[in-house]
Amino acid sequence: MQLFSIFVSPSIVTNKKVSIFYKYHILNHYNSKFHHFHSICVFTCGDGVGVAQLLQFLDSLKNYEREGVPQGAGTDSDAGFDLQRMHRLLLHLGNPLSCYSVVHVAGTKGKGSTVAFISNILRSAGLSVGTYTSPHLTSIRERITAGKTGDPISDEMLLELFSNLRANLDKAIAAEPGTLTHFEVLTALAFSHFAREKVDLAVVETGLGGARDATNVISAKGLAAAVIVGIGTEHLAALGGSLESIALAKSGIIKDGRPVVVGQQKDSTTKDIILKVAASKEAPVRAAFGSSAQCEVVEVCSGSDAPFQICNFFLDDTSEIESRWEMKNVRLSALGAHQQENALTAISTVLSLRHQGWDIPDSSIRAGLEATVIPGRFQILDQHKAQALGFSNARVILDGAHTEASANALACTLMEYFPTAKLALVVGMASDKDHFAFARSLLEEAPPHLVVTTRVSVAGSLERSTSGAELAQSWCQAAKSANMEVILQSVQQPFVDHRNQNLATHNVSRRTGSADKAAIMAQDYTAETQTPVGSKGSVVVLEAEKMEAAISTAAKYVEQRSDETQRIWVVCITGSLHGVATVLSLLP
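Predicted, not measured: the structure shown is a model, and the values here were computed from it.

I would appreciate a short explanation of the side chain of S441 in the present structure.
Relative to the helices and strands, S441 resides in helix α15 (residues 435-445). In contact with S441, not counting residues within four places along its chain, are E404, A407, N408 and A411.

Below is the structure:
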């Protein structure tokens, strides 16, 4: 496998006029000239020699993020990943996990947000914190932070870390020919960085499952708390094929006698399995759900570029002789009921740490919760950034939802903050996701007027991507199953909107190779209307193979209809954090 690197001048990256299309031209140009390379990376501000050298090294290893995880690889079975390989790798690097305690977070929905809440609370308490998450949005450096600020590891520090450990890594790889993976080596580098920076605590997110995840090499002595957030059916084949097997895999992070914090579980089966595993290991459990942990919403504000919710939190704190812990009027920038659940899980984790002797005052809990902003999770772009994407009269939201459960959370949050808005979606997803269930959830809970489907690269490759055409078919099927009229569009014909019978055409030149020219305008489509009996509404489904074209399509559709009513338009770009990353890379 080969990696081709392109360095972009910071002056170009920050130029407001050329940012989107210049970077698109670069990718299009080099993709056509260097199609034999396995992946192409564009490095922008902050990324340099350190990132380039590390990515070139990692690209020589097996990358399951790019290729997809083998069946059963995350289960605690003969088919599962070999954790002893990870233990041997860490021995080559001096066993860095012996130097600090770890909060280990697993689950299907809310891991990254919960990690962010916990880390910010600990930093607000003056602790030096290491944080390891995946995937990243715009730079691999985002996965590793250490210290009291939460800033990603710098390119210079990454280069120094990699250079100092390169000989040890080479020995480890030679001892494990062809087996060590991209994720395992990156995880080991993160653990080593935390040791070198002398962090007080590390907060680590699992990559896949738990039992056989590369992060699950933490000893019982080194585990401050295991945290399991909501469990769903993502990565079904890799984690055993059932909700029960997934819950068992996630519960694999529980260690003998160490505290377990359990977040809200939608299915009682998963909760029962977690509690059973915890009981078998005599691990004390804190429930961050039900009557033990509650959130009361005082106010929701959606009228600015920085919406927020004011919340009161109430938790049982058994460390205080069954007393009730409470904190009122907390201003959360992380929006939605699901973020309330994640905040409750984070608070419960911090109270467990406080019971173990960590000095974390209530003031730090408030400060950390209120400081948490989570890119790519219901991220509302300011007007300047929305305009850079072509939307002058619409609110633009980026959300990495990619499962049925996260689609439901997204839909509920959209309806809570923008109940009267007209909704347009731009959707790109990986091939191993449940496209139909994702679409059906949004169609039922937050029915959009427009859906533009597109293809997104996953971990810099198209191996796990789904074409816009395939996604469009899934949305059509989901709409019909929801008893909705589907207005499916085809290229190069006048567009007829069957809901108001307005005919519109345009004469934009369409030559391949430029985002603005290749963009498929909504008015270029002719409607193939499929109307079920007793239709509950209608949805226009368009498809564009490139994200830039999909955004341009949505922008022109929305902008030309923004004056039809007094209702605002909300455009949500969703389906994958990799798609969100693509959009963020286009912004000035």
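Sorry, what's going on with empty space enclosed by the protein here?
In this approach, a probe sized like a water molecule rolls over the atoms, and the result shows the empty space that is left. A complete count under the given rule lists one cavity of 30 Å³ or more for this structure. If you add up the space inside the largest cavity, you get close to 70 Å³. What lines the largest cavity is K109, V229, G230, G263, Q264, K266, E341, N342 and T345. Its residues placed into classes, the lining of the largest cavity shows one nonpolar, five polar and three charged.

Mind showing me how you'd approach the pairing of strand β3 (residues 101-106) here?
Moving residue by residue along a regular strand, the side chains alternate between the two faces of the sheet. With five of six residues buried, β3 lies mostly within the body of the structure. In terms of strand pairing, β3 meets strand β6 (residues 201-205) through five bridges, oriented parallel. In the sheet register, V102 faces β6, and the bridge partner there is A202. The pairing of β3 with strand β7 (residues 223-228) spans five bridges and is classified as parallel. Bridge assignment links V103 to a residue of β7, and that residue is A225.

Which parts of the structure should I look at to understand the sheet that holds strand β8 (residues 260-262)?
Each strand in a sheet pairs with its neighbour through backbone hydrogen bonds, running either in the same direction (parallel) or in the opposite one (antiparallel). Taken together, the seven strands give an open sheet; going across it, the order is β5-β4-β6-β3-β7-β8-β9, and neighbouring strands pair in mixed fashion. Looking at strand neighbours, the two that pair on one side only are β5 (144-147) and β9 (285-287), the edges of this open sheet. Averaged over all neighbouring strand pairs, the angle between strand axes comes to 15°, with direction disregarded. Summarising the sheet, strand β4 (residues 129-132) and β6 pair through four bridges and their orientation is parallel. Each bridged residue has a counterpart across the sheet, and for G130 the counterpart in β6 is A202. Sheet contacts for helix α6 (residues 111-124): β3, β4, β5, β6 and β7; angle to β6, the most-contacted strand, approximately 170°.

Would you take a moment to explain the nonpolar core for this structure?
Proteins that are soluble and globular tend to have nonpolar side chains buried together. Grouped together as the largest cluster of nonpolar side chains are 65 residues, with contacts concentrated most on Y100 and F194. Here this core gets nine residues from one element, more than from any other, and that element is helix α8 (residues 182-196). By size, the runner-up hydrophobic cluster in this structure holds 37 residues, among which are V115, L127, A293 and M327.

Sorry, what's going on with the sheet that holds strand β10 (residues 293-301) here?
Strands sit in the order β10-β11-β12 across an open sheet of three strands; the sheet is antiparallel. Sheet topology places β10 and β12 (323-332) at the edges, where each strand pairs with a single neighbour. Within the sheet, the average angular offset between the axes of one strand and its neighbour, ignoring direction, is 10°.

Explain the confidence of the model for the protein to me, please; I cannot follow it from the model alone.
Low pLDDT means the predicted atomic positions in that stretch should not be read closely. For the protein, mean pLDDT is 86; residues scoring 70 or higher make up 83% of the total. Counted against residues more than four places away or in other chains, residues 1-44, with its pLDDT under 50, gives 88 contacts. Long-range and interchain partners of residues 490-529, a stretch whose pLDDT sits below 50, account for 105 contacts in this model, where long-range means more than four residues apart.

Help me out: how do you make sense of helix α16 (residues 468-481) in this one?
For the α-helix, the turn length of 3.6 residues means that residues three or four positions removed from each other point alike. The first and last C-alpha atoms of α16 sit 20 Å apart over 14 residues, in line with the 20 Å expected at 1.5 Å per residue. Buried residues of α16: G468, L471, A472, S474, W475, C476, A478 and A479, and no others. Looking at the residues trailing α16, positive phi occurs at N483, about 65°.

Help me understand the packing of helix α5 (residues 83-92) against α8 in this model?
A pair of packed helices is characterised by two quantities: the angle between their axes and the separation of those axes. Two elements in contact, α5 and α8, have axes separated by 10 Å at closest approach and are oriented at 45°. What the angle tells us is that α5 and α8 run oblique. Crossing handedness for the pair α5 and α8: right-handed. On α8, the residues touching R85, M86, L89 and L90 of α5 are E184, V185, T187, A188 and F191. Looking at the contact of α5 with α8 residue by residue, the classes come out as six nonpolar, one polar and two charged.

So what exactly am I meant to see when it comes to the packing of aromatic side chains here?
Given two aromatic rings, their pairing is described by the distance between the two centres and the angle made by the two planes. As enumerated under the stated definition, the model contains seven aromatic pairs in all. Judged by centre distance (6.0 Å) and plane angle (35°), the rings of Y132 and F183 are tilted. With Y132 in strand β4 and F183 in helix α8, this pair connects stretches of sequence that are 51 residues apart. Assessed through its relative accessible area of 14%, F183 is described here as buried. When the ring of Y132 is compared with that of F191, the centres are 6.4 Å apart and the planes differ by 65°; the resulting orientation is edge-to-face. Taken together, the positions of Y132 in strand β4 and F191 in helix α8 put the pair 59 residues apart, joining distant regions of the chain. Overall, the relative accessible area of 0% leaves Y132 in the buried class.

Is there a simple way to think about helix α18 (residues 547-559) in this case?
Taking 1.5 Å per residue, 13 residues should reach 18 Å; α18 reaches 18 Å between its end C-alpha atoms and fits that length. Those residues of α18 not exposed but buried are M547, E548, A549, A550, I551, S552, T553, A554, A555, Y557 and V558.

What counts and what doesn't
- Residues numbered from 1 in each chain as written.
- Predicted model: local features only at pLDDT ≥ 70, side-chain atom pairs only at ≥ 80, totals over all residues.
- Heavy atoms only, no water.
- Helix = DSSP H or I, 4+ residues; strand = E, 2+ residues; numbered from the N terminus.
- Contact = heavy atoms within 4.5 Å.
- 1 Å grid on protein atoms, 1.4 Å probe; cavity = no way out; pocket = protein on both sides within 12 Å on 5 of 7 lines; lining within 4 Å.
- Points joined across faces, edges and corners; volume = space filled by probe spheres on them.
- Nonpolar A, V, L, I, M, F, W, Y, C, P; charged D, E, K, R; others polar.
- Buried < 20%, exposed > 50% of the residue type's maximum accessible area, 1.4 Å probe, protein only.
- Pairing = 2+ DSSP bridges.
- Axes fitted to C-alpha atoms, helices over the stretch in contact; angles between N-to-C directions.
- Core = buried A, V, L, I, M, F, W, Y, C linked by side-chain atoms within 4.5 Å.
- pLDDT = per-residue confidence, 0-100.
- Expected span 1.5 Å × (residues − 1).
- Parallel < 35°, antiparallel > 145°, perpendicular 65-115°, else oblique.
- Left-handed = near helix turned anticlockwise from the far one by under 90°.
- Phe/Tyr/Trp six-rings, centres within 6.5 Å; stacked < 30°, edge-to-face > 60°.

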